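Per-entry structural report
Listed below are the residues making up each chain.
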Amino acid sequence: MTIQVTNLVKRFASGTAALQDVSFSVREGEMIGLLGPSGSGKTTLLRMIAGLDRQTAGEIRIRGQVVDNLPAQRRGVGFVFQNYALFQHMTVFSNIAFGLRVKRLGKREIQDRVMRLLRLVRLEGYEDRYPHQLSGGQAQRVALARALAPEPSVLLLDEPFAAVDTKIRKELRRWVRQIHDEIGITSIFVTHDQEEALEIADRVLVMHQGRVEQFATPQEVWERPLSPFVAGFLGDVNEGAATVRDRQVRLWGHTFPAGEFADGERVRVFVRPSDIELGPAAPDAVPAQVREAVWAGERTQVRVQLADQSTLQVSLPSDRSVDLTPGQSVSMCIRKFQIFAEA
Amino acid sequence: MAGVVCGYLLLLVVCPVGAIVRQAFSGGVGGFFQALASPIGAHALLLSCWTAAVAAVVNAVMGTCTAYLIARKHLPGRRVVSALIDLPLAVPTTVGGLMLVLAYSPATRIGGWLAAHHVNLVYSRIGIVLAMAFVTFPFAVRTVEPLLDSLDASVEEAAFTLGASRLRVFWQVLWPTLWPGVVTGLSLCFSRGLAEFGAVVLASGNLPLHTEVAPVYLYGLLENNETSGAAAVSVALLVLSVLGLVVPLCRPRQWWKRLAEPRGRRARNHARVGAARV
């Protein structure tokens, strides 16, 4: 275990709890996505692992060593900030060399290592530039090289792509994943963008109100969310509430098996727009009426209205040959769903 | 518009300065220097200079620390501290001087105890520095604070995670950003300290050849109708004060840059030369 967090609690001076009893462990070489809405405590957690904030209670171990009393300087943790936090008055070279000079390495070694890192982040020839002469993507790559230079055992990234243009963001995150694979460093990155977390993380830690909601692979988190929050947070979702009768849940003209829930229990049902199929109207199928269809490239977002007046969001591949003119009657089929007890 | 401003400046600054210069040189250049060379006058000017310099340096250090505390640490009572810092700007300087006297004169408990240990906080040269420091402290803080605000705290934190000590973070990360503010504060404190009359006249004791500063000395000259002498001292103060404000404007940028980034460039240049030779 590279990082082991046990019963971590953080309360601010105002009394509000930022973290409540957080425990998890990260294996060597893993890339973890810390996912949650703003205010869920994910950045606080990251800063405490780095030693930039101190926990109220609980324990953090890095490579087996308890680091609770070690200052940030001695934890051997690389940190990449959302706003890059480059040293503005230093060149790219000096920025990357900063941590190496702190370690008092020889000039030649510093020179070699900085050049190697510049190659790694594909910024050869930029060593004499100043941060204000770089684009956002380049600046973040320098920040990454700077964090990697002292060869930390753990790399922490706080919303590393949030300040970068949308177009560059996708490219940058794939590329960060590539670098992670190349040097095999254990990494944790914070994000509020579920697509980002699902795409590049080995495992995703979903946080909500200072607690861990689920810690699993992206696929598992997507397919088998453990809580209504996780089900609702990962992408768009249709949500409805009903009462279990005859071991079944009747909702939206559909009958869902109630599974472990007993008769009389109130439950919440979650269905992703992409798990709903539309077809031509048929006598034995659930009827629906198209209210609105928005073509968005590969997929078309459709809003349908059911017999009970409720509306559902559906996401169809655009090449389906279904008439989606508003007012058109269609049939609807739900392929996948999640049921949770109503809290 | 421009005409109005020019007229206003003429009325407010140019004419008075012209008048005092004319008066100072009414006895010719010789007369001007003679007035300055009197033992009491020369001592007063010298005393003014070094006490103002000491007060400016002390305030630059303490002002930078204070600005850091206000900008970075979310201390409770931050607003109160901030208001306290601006207090010297709000009260008449004579009131400031009186406060110092009432707090630290040998007749008080603190002052008495210190006097027993041969430290006099008022009616002494320390008193002069103290009065000047009191009056100029807001400048030292407020010139540095906006620069600290402009520098995100994460830049310091990045340096910490890279293993840098607090001292290294100060010199290599904070100082390159802060120094223009510190230098500006230093020069403002010096010029303003040099000019201070109200607080100093109450706290210094005004002994000629011992604790009499130039503004007080020239006031004495005026009282004795020695207008030309007073004008000469005034012009000398004016020149020193302007020098204090102008010198930092000729920014020794290159020099500072070298200090801020000492080894990097040289190391690489060295390496390049080495590579070229190979």
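Computed from a prediction, not measured in an experiment: that's the story for all the values here.

Conventions adopted
- Residues numbered from 1 in each chain as written.
- Chains lettered and ligands numbered in written order.
- Predicted model: local features only at pLDDT ≥ 70, side-chain atom pairs only at ≥ 80, totals over all residues.
- Heavy atoms only, no water.
- Helix = DSSP H or I, 4+ residues; strand = E, 2+ residues; numbered from the N terminus.
- Buried < 20%, exposed > 50% of the residue type's maximum accessible area, 1.4 Å probe, protein only.
- Contact = heavy atoms within 4.5 Å.
- Lys, Arg positive; Asp, Glu negative; His and termini not counted.
- Charge placed at Lys NZ, Arg CZ, Asp CG, Glu CD.
- Areas by Shrake-Rupley, 256 points an atom, 1.4 Å probe, with all protein chains shown as cover.
- Phe/Tyr/Trp six-rings, centres within 6.5 Å; stacked < 30°, edge-to-face > 60°.
- Buried area = accessible area lost by both parts, 1.4 Å probe.
- Salt bridge = Lys/Arg side-chain N within 4 Å of Asp/Glu carboxyl O.
- Polar contact = N/O pair within 3.5 Å; in protein donor to acceptor, adjacent residues only side chain to side chain.
- Expected span 1.5 Å × (residues − 1).
- Bend = angle between axes of the 7 residues up to and from the residue.
- Domains from an automatic or database assignment.
- Pairing = 2+ DSSP bridges.
- Axes fitted to C-alpha atoms, helices over the stretch in contact; angles between N-to-C directions.

Here we look at the overall build of chain A
Scanning chain A from N- to C-terminus turns up eight helices and 20 strands. Burial status across chain A gives 52% buried among its 343 residues. Across chain A, every contact between residues at least 6 apart in sequence was considered, and the portion connecting residues at least 24 apart equals 65%. Of the side chains in chain A, 43 bear a positive and 41 a negative charge, and the two mean positions are spaced by 7 Å.

Focus: the overall build of chain B
Scanning chain B from terminus to terminus reveals 14 helices and zero strands. Going residue by residue from the N terminus, the α and β elements of chain B occur as α-α-α-α-α-α-α-α-α-α-α-α-α-α. Relative to its 278 residues, chain B shows a buried fraction of 42%. In the structure as shown, chain B presents an accessible area of about 15,000 Å², 70% of it carried by carbon and sulfur atoms.

Concerning the packing of aromatic side chains
Residue and element names in this part refer to chain A. Considering all chains together, one arrives at 13 aromatic pairs over all chains under this definition. Note on Phe-24 and Phe-215: the rings are 5.8 Å apart at their centroids and 80 degrees apart in plane angle, and the pair reads as edge-to-face. Here Phe-24, found in strand 2 (residues 17-26), pairs with Phe-215, found in strand 10 (residues 211-216); they are 191 residues apart in sequence, far enough to count as distant. Of the residues examined, Phe-24 reaches a relative accessible area of 8% and is grouped as buried. In this structure an aromatic cluster arises from ring pairing among Trp-252, Phe-256 and Phe-337.

Observations regarding the interface of chain A and chain B
Across the boundary between the two partners, chain A contributes 29 residues, which contact 25 residues of chain B. Together chain A and chain B conceal approximately 2,500 Å² of surface at their shared face, both sides included; 57% is due to carbon and sulfur atoms. A salt bridge links Glu-157 of chain B to Arg-47 of chain A; the shortest N-O distance between them is 2.7 Å. At the boundary of chain A and chain B, one finds five residue pairs in polar contact (both at pLDDT 80 or more).

Quick notes on the environment of Ala-262 of chain A
Residue and element names in this part refer to chain A. Along the chain, the position of Ala-262 falls in the loop between strand 13 (254-257) and strand 14 (266-271). Along the chain, Ala-262 and Val-244 lie 18 residues apart, while their C-alpha atoms are 6.6 Å from each other. Leave out the neighbours within four places in its chain, and Ala-262 touches Val-244 and Arg-247.

Notes on helix 9 (residues 166-195) of chain B
Taking 1.5 Å per residue, 30 residues should reach 44 Å; helix 9 of chain B reaches only 37 Å between its end C-alpha atoms and comes up short. By the largest-angle criterion, Trp-175 of chain B marks the main kink of helix 9 of chain B, which is about 70 degrees, and a proline, Pro-176 of chain B, follows within four residues.

Remarks on the domain arrangement of chain A
All names here are of chain A. Considered domain by domain, chain A is made up of domain 1 (3-233) and domain 2 (238-341). Of the residues lining the interface, nine residues belong to domain 1; the matching set on domain 2 comes to six residues. Between domain 1 and domain 2, roughly 670 Å² of surface is buried when both sides are summed, and carbon and sulfur atoms account for 57% of that area. Together, Trp-222, Pro-228 and Ala-231 form the three largest contributors to the area buried by domain 1 at its contact with domain 2, with a combined 65%. Here domain 1 and domain 2 share zero salt bridges between them.

A look at the pattern of salt bridges
All told, the structure shown has 23 salt bridges over all chains when counted by the stated rule. Between Glu-109 of chain A and Arg-113 of chain A there is a salt bridge; the shortest N-O distance is 3.7 Å. Here Arg-113 of chain A and Glu-109 of chain A lie together in helix 3 (residues 107-120), a separation of four residues that amounts to about one turn. For Glu-109 of chain A, a relative accessible area of 40% corresponds to the partly exposed category. With a relative accessible area of 11%, Arg-113 of chain A lands in the buried category. As a salt-bridge pair, Arg-142 of chain B and Asp-86 of chain B come within 3.1 Å of each other at their nearest N and O atoms. In this pair, Arg-142 of chain B sits in helix 7 (residues 125-150) while Asp-86 of chain B sits in helix 4 (residues 78-90), placing the two residues 56 residues apart along the sequence. By relative accessible area, which is 28% here, Asp-86 of chain B ends up partly exposed. Here the residues in one salt-bridge network are Lys-170, Arg-173, Arg-174, Glu-195, Glu-196 and Glu-199 of chain A, joined through shared partners.

Quick notes on the sheet that holds strand 3 (residues 31-35) of chain A
All names here are of chain A. Taken together, the six strands give an open sheet; going across it, the order is 6-7-8-3-9-10, and neighbouring strands pair in mixed fashion. Two strands lie at the open edges of the sheet, namely strand 6 (77-80) and strand 10, each paired on one side alone. Ignoring which end each strand starts from, the neighbouring axes of this sheet average 15 degrees apart. As judged from the five bridges shared by strand 7 (residues 154-158) and strand 8 (residues 186-191), these two strands associate in the parallel manner. Opposite Leu-156, over in strand 8, you have Ile-188 as the bridge partner.

Topic: the sheet that holds strand 14 of chain A
Pairing between sheet strands relies on hydrogen bonds along the backbone, with the strands arranged either parallel or antiparallel. Residues and elements named next belong to chain A. One open sheet accounts for five strands, arranged 13-12-11-14-20; its pairing is antiparallel. The sheet is open, and its two edges are formed by strand 13 and strand 20 (338-341), each paired on a single side. Ignoring strand direction, the axes of neighbouring strands in this sheet form an average angle of 35 degrees. Sheet topology places strand 11 (residues 238-245) next to strand 12 (residues 248-251); two bridges connect them, and they run antiparallel. Across the sheet, the residue bridging to Arg-245 is Gln-248, located in strand 12.

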